[in-house]
There are 2 protein chains.
Amino acid sequence: MTAEPIHPPHRLLMGPGPITADPRVLRAMSAALVGQFDPWMTDTMNETQELYRQVFRTRNDATVLVDGTSRAGIEAVLVSLLSPGDRVLVPVFGRFGHLLAEIAQRCGAEVHTIETPWGTVFTPEQIEQAIVAVRPTLLALVQGDTSTTMNQPLADLGGICAEHGVLFYADLTASVGGNPFAMDDWRLDAVSAGLQKCLGGPSGSAPVSLSPAALAVIDGRRHVEAGIREAGDVATGERIRSNYFDLGMILDYWGPRRLNHHTEATTMLYGARECARLLLQEGLDAAVDRHALHGAAMLAGVRGLGLTPFGDLAHKMHNVVAVEIPEGVNGDAVRAGLLTDYGIEIGTSFGPLHGRVWRIGTMGYNARHDAVLLTLAALEQALREAGASPTPGAGVAAAKEVYA
Amino acid sequence: MTAEPIHPPHRLLMGPGPITADPRVLRAMSAALVGQFDPWMTDTMNETQELYRQVFRTRNDATVLVDGTSRAGIEAVLVSLLSPGDRVLVPVFGRFGHLLAEIAQRCGAEVHTIETPWGTVFTPEQIEQAIVAVRPTLLALVQGDTSTTMNQPLADLGGICAEHGVLFYADLTASVGGNPFAMDDWRLDAVSAGLQKCLGGPSGSAPVSLSPAALAVIDGRRHVEAGIREAGDVATGERIRSNYFDLGMILDYWGPRRLNHHTEATTMLYGARECARLLLQEGLDAAVDRHALHGAAMLAGVRGLGLTPFGDLAHKMHNVVAVEIPEGVNGDAVRAGLLTDYGIEIGTSFGPLHGRVWRIGTMGYNARHDAVLLTLAALEQALREAGASPTPGAGVAAAKEVYA
């Protein structure tokens, strides 16, 4: 077999993520490698930690990258915080709630879920009631679930958790950078994220941050690896079930001891650093406003095309909209037409929404005027070919009104 | 905090890895992203699987990338193959044997180790005796351990394992591409690797391959995720303790069902694909010969400088040599001088060899004539500054003799 150098087709990725990476992020990732304990490298690791503290709006010292995709970050947090038998409460409002529950089960935790119909979010009262009933050690949920496009309000949950002595963890993969978030003000104990949504990078690096309270749990389970253990390294508590995801060891690698754990995925680190750098250069509030603007334009645009958005729009993430597939239209044929004829990707959907909605993203590098209008123009054509009768020009016009 | 665009210092990485990545690999990684279920993307995933089958010299259908560093690949294999209570035998001949034992313990396995002094390898008889005594379900070891530079012969172990009904797993991270290997001929059931040594890429992607016998173990533990489960998806056996490292689910994502698991780290996939493509373009045998040549030149060169290589040289990997730090020379000061004055990195060491040897690599992109001679020229200067008295020019001359 003779393979040719990589040469991807041109694509505008307007699905729920991954989206087209910012070219500046990909360029940063072509920088040369440096040794893992080179002073420049450790300085760059420290700098990246500080950038993600700003992204998460936290002062947590324990802010690092996990070398894997978003779900690696989720698993690292859950396996490090949960001991077998611990009770965890997972409010499920879409596919990724199920994922958190499943990962927590595999950690040996006693998992309790509450569910709300897809397209809605929970009230603080619903979550507090469940906390009172379950008495978990950890509340775990996602902020934004791309499967439903919903953005679960978190601001009031930190106080509730503190009152009941519950650690509070949220996965921010789908939402961070495009929707308001403030780790310390909202009193979260753990967060995880990924690069491939509003941060405009490729999948493969998972920033996480832990509050002092979360860190204390991990400090109670410290075990330095046999091959590099030194006198004075005393093991405490039950060993975390994973070596790769042992956040205590990962923190020892990122921290002043620089204890060798994995070999840092330097190219992904360069990418993660550039994602955060560009976001902070734009400004966190400005980036949220940009996502709000282009999300509103896309929402107006699909309505202009006669399509019906799905779910409780008051709680929609800025960066993705789900759109009901019109009666009589073959949803997969429309998606295939968009890809083949225009190089534009929009998303299908999971579970109860499978075959019922498309999901259209406006995030990261693609939260842009031209990306929104191109998508609406092409979607109008594809709908017409599929037998629908969108008003000519009405999608683009509605979006332009938002911009005007 | 205002961060600048990434701008690493120039470095020639001549340690035990990571080494300077091949610029062609980094360029491949700057290619644009494509959606994860785009036909071009799934074709590219299929193609990458085929490339790694060739790299490992196997016909195993179950050949995929795990999205993480080398130890992610190790953990994926062990947590997927081992159920709690399973007996595993780990022959330890350096730090990474300890790592395999530690990961297997965290999987809940009953771990038995045998040890041989650092700088030596095991005979097949020693391993067979331990198999007879322990009766493990799995033999797990590394082929090459950079901590000692040793290359454990594997060719005879597959037959022994088959005879005793033991699955045979080896981690190839340090050795693959630079030393002979043949998965099917040598009858291995599972292998894992990384890109950052002889493959000339960055850390962050772990190719793994499973034989039909290993796959059968995993097929006995299949559990499709709740959020995407369909009628007919029947769970069997004890659920694997990790979601991220559940090779059954990872195989469903790479296989014809394309069941969503993680979001593929596309940029790392591009890098992994290019590493394999370049290796196969050169030819597996030619690449091993190249590593043998430059490894021999480096070995001759350090001897020419009056240094003593460490360990059983008959079983040294081609791509790294350990060198005793001469009496009275400050090893860390020499390494710091090489880095500061010449931008050249050589390695320190772990455990019983800490402070006793340097480790010098000649691998991947840096298994090159100029890289070897530059390193020897700079090392001669650094040794002199540290108070040693190397014969002027003798290191470079000895290496040149190997080349001549």
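Note that the structure is predicted; figures quoted are calculated from it, not measured. (Residues numbered from 1 in each chain as written. Chains lettered and ligands numbered in written order. Predicted model: local features only at pLDDT ≥ 70, side-chain atom pairs only at ≥ 80, totals over all residues. Heavy atoms only, no water.)

J.: Quick rundown of the overall build of chain A? Include the residues and the values.
T.: Regarding its fold elements, chain A presents 13 helices and 13 strands. Against the compact-globule benchmark of 22 Å for 404 residues, chain A has a radius of gyration of 22 Å, which places it among compact chains. On the principal axes, the C-alpha backbone points of chain A span a range of 75 × 55 × 45 Å. Taken over 404 residues, chain A has a buried fraction of 66%. Residue pairs at least 24 apart in sequence account for 71% of intrachain contacts in chain A once pairs closer than 6 positions are excluded. Looking at chain A as shown, the accessible area adds up to about 13,300 Å², and 51% of this sits on carbon and sulfur atoms. Taken as two groups, the 31 positive and 44 negative side-chain charges of chain A have centres that lie 2 Å from each other. (Helix = DSSP H or I, 4+ residues; strand = E, 2+ residues; numbered from the N terminus. Rg over C-alpha atoms; globule rule 2.2 N^0.38 Å. Buried < 20%, exposed > 50% of the residue type's maximum accessible area, 1.4 Å probe, protein only. Contact = heavy atoms within 4.5 Å. Areas by Shrake-Rupley, 256 points an atom, 1.4 Å probe, with all protein chains shown as cover. Lys, Arg positive; Asp, Glu negative; His and termini not counted. Charge placed at Lys NZ, Arg CZ, Asp CG, Glu CD.)

J.: So what's going on with the sheet that holds strand E10 (residues 206–210) of chain B? Which residues, and what values?
T.: All names here are of chain B. Sheet architecture is open: seven strands sit in the order E2-E10-E9-E8-E5-E3-E4, paired in mixed fashion. Unpaired on one side and paired on the other, strand E2 (62–66) and strand E4 (110–115) mark the two borders of the sheet. Averaged over all pairs of adjacent strands, the angle between strand axes in this sheet comes to 15°, irrespective of strand direction. Where strand E9 (residues 190–192) meets E10, three bridges bridge the pair, whose relative direction is antiparallel. By the bridge assignment, Val 191 is partnered in E10 with Ser 209. (Pairing = 2+ DSSP bridges. Axes fitted to C-alpha atoms, helices over the stretch in contact; angles between N-to-C directions.)

J.: Can you break down the relation of the copies chain A and chain B residue by residue, with the values?
T.: Least-squares fitting of chain A to chain B yields an RMSD of 0.0 Å, with the transformation described by 0.0 Å of translation along the axis and a rotation of 180°. What the superposition gives is, in effect, a two-fold axis relating one chain to the other. Residues of chain A ranked by C-alpha distance from the rotation axis are headed by Gly 68 of chain A, positioned 2.4 Å from it. (Least-squares fit on C-alpha atoms with pLDDT ≥ 70 in both.)

J.: Would you mind going over the pairing of strand E3 (residues 87–92) of chain A in detail, with residue names and values included?
T.: All names here are of chain A. Within E3, five of the six residues are buried, which leaves the element mostly enclosed by the surrounding structure. Bridge analysis of E3 against strand E4 (residues 110–115) gives six bridges, and the strand direction is parallel. Residue pairing in the sheet places Leu 89 in a bridge with His 112 of E4. Once you follow E3 into helix H4 (residues 95–106) and on to E4, the crossover reads as right-handed. (Right-handed = clockwise from strand over helix to strand, strands pointing away.)

J.: Tell me about the domain arrangement of chain A, and please be specific about residues and values.
T.: All names here are of chain A. Domain parsing of chain A yields domain 1 (22–280) and domain 2 (284–403). Once you take the C-alpha centre of each, domain 1 and domain 2 turn out to be 30 Å apart. Taken together, the contact between domain 1 and domain 2 spans 29 residues of the former and 24 residues of the latter. Each partner contributes to the roughly 2,200 Å² buried at the junction of domain 1 and domain 2, and carbon and sulfur atoms together form 67% of this total. Between domain 1 and domain 2 we count one salt bridge in total. Here Asp 285 and Arg 57 are joined by a salt bridge, their closest N and O atoms 2.9 Å apart. Inspection of the domain 1/domain 2 interface yields nine residue pairs in polar contact (both at pLDDT 80 or more). (Domains from an automatic or database assignment. Buried area = accessible area lost by both parts, 1.4 Å probe. Salt bridge = Lys/Arg side-chain N within 4 Å of Asp/Glu carboxyl O. Polar contact = N/O pair within 3.5 Å; in protein donor to acceptor, adjacent residues only side chain to side chain.)

J.: Can you explain the interface of chain A and chain B? Please cite residues and give values.
T.: Every contact between the two is made by 81 residues of chain A and, on the other side, 81 residues of chain B. For the pairing of chain A and chain B, the buried interface totals around 6,700 Å² over both sides, and the portion due to carbon and sulfur atoms is 59%. Remark: the boundary between chain A and chain B carries six salt bridges. A salt bridge links Arg 11 of chain A to Asp 38 of chain B; the shortest N-O distance between them is 2.4 Å. Summed over the shared surface of chain A and chain B, the result is 32 residue pairs in polar contact (both at pLDDT 80 or more). At the level of secondary structure, the elements contributing two or more residues to the side of chain A that touches chain B comprise helix H1 (23–28), helix H2 (39–56), helix H3 (70–81), H4 and helix H9 (266–282) of chain A.

J.: Which residues make up the pattern of salt bridges, and what values go with them?
T.: Evaluated as defined, the whole model comprises 33 salt bridges over all chains. The closest approach of N and O atoms between Glu 102 of chain B and Arg 106 of chain B, which form a salt bridge, is 2.7 Å. Taken together, the residues Glu 102 of chain B and Arg 106 of chain B, both in helix H4 (residues 95–106) and four residues apart, mark about one turn of the helix. Relative accessible area serves as the criterion here: at 2%, Glu 102 of chain B is assigned to the buried category. Arg 106 of chain B gets classed as buried once you look at its relative accessible area, which sits at 3%. In this structure, the salt-bridge partner of Asp 252 of chain B is Arg 222 of chain B, at a minimum N-O distance of 3.0 Å. Taken together, the residues span a long stretch of sequence, with Asp 252 of chain B in helix H8 (residues 247–254) and Arg 222 of chain B in the loop between helix H7 (212–219) and H8 at a distance of 30 residues. Its relative accessible area of 21% is what places Arg 222 of chain B among the partly exposed residues. When salt bridges that share partners are traced, they join Glu 102 and Arg 106 of chain A together with Arg 239 and Asp 246 of chain B into one network.

J.: Describe the packing of H3 of chain A against H4 of chain A, naming the residues involved and giving the relevant values.
T.: Residues and elements named next belong to chain A. Two numbers describe how H3 lies on H4: the axes approach to 10 Å, and their chain directions differ by 45°. Between H3 and H4, the angle is such that the two are oblique. Along this stretch, H3 crosses H4, giving a crossing that reads as right-handed. Counted together, Arg 71, Ile 74, Glu 75 and Leu 78 of H3 and Arg 95, Leu 99, Leu 100, Ile 103 and Ala 104 of H4 form the full contact between these two elements. Classifying every residue of the contact of H3 with H4 by side-chain character gives six nonpolar, no polar and three charged. (Parallel < 35°, antiparallel > 145°, perpendicular 65-115°, else oblique. Left-handed = near helix turned anticlockwise from the far one by under 90°. Nonpolar A, V, L, I, M, F, W, Y, C, P; charged D, E, K, R; others polar.)

J.: Go over unusual backbone geometry with me, naming the residues and quoting the values.
T.: Each neighbour pair has its own omega, and for Gly 17 of chain A with Pro 18 of chain A the value is 0°, a cis peptide bond. Its identity is not glycine, yet Arg 187 of chain A carries a phi of approximately 65°, on the positive side. As for its position among the elements, Arg 187 of chain A is in the loop between strand E8 (167–171) and strand E9 (190–192). Residue class for Arg 187 of chain A comes out partly exposed when judged on its relative accessible area of 49%. A positive phi angle, near 50°, is found at Arg 258 of chain B, a position not held by glycine. Tracing the backbone shows Arg 258 of chain B in the loop between H8 and helix H9 (266–282).

J.: Explain the state of the cysteines residue by residue, including any values.
T.: Tallied over the full model, the rule gives zero disulfides over all chains. Free cysteine Cys 275 of chain A: the closest other cysteine sulfur is in Cys 198 of chain A, separated by 11 Å. Left unpaired, Cys 161 of chain B is separated from the closest cysteine sulfur, that of Cys 107 of chain B, by 18 Å. When its relative accessible area of 1% is taken as the criterion, Cys 161 of chain B is described as buried. (Disulfide = S-S within 2.5 Å.)

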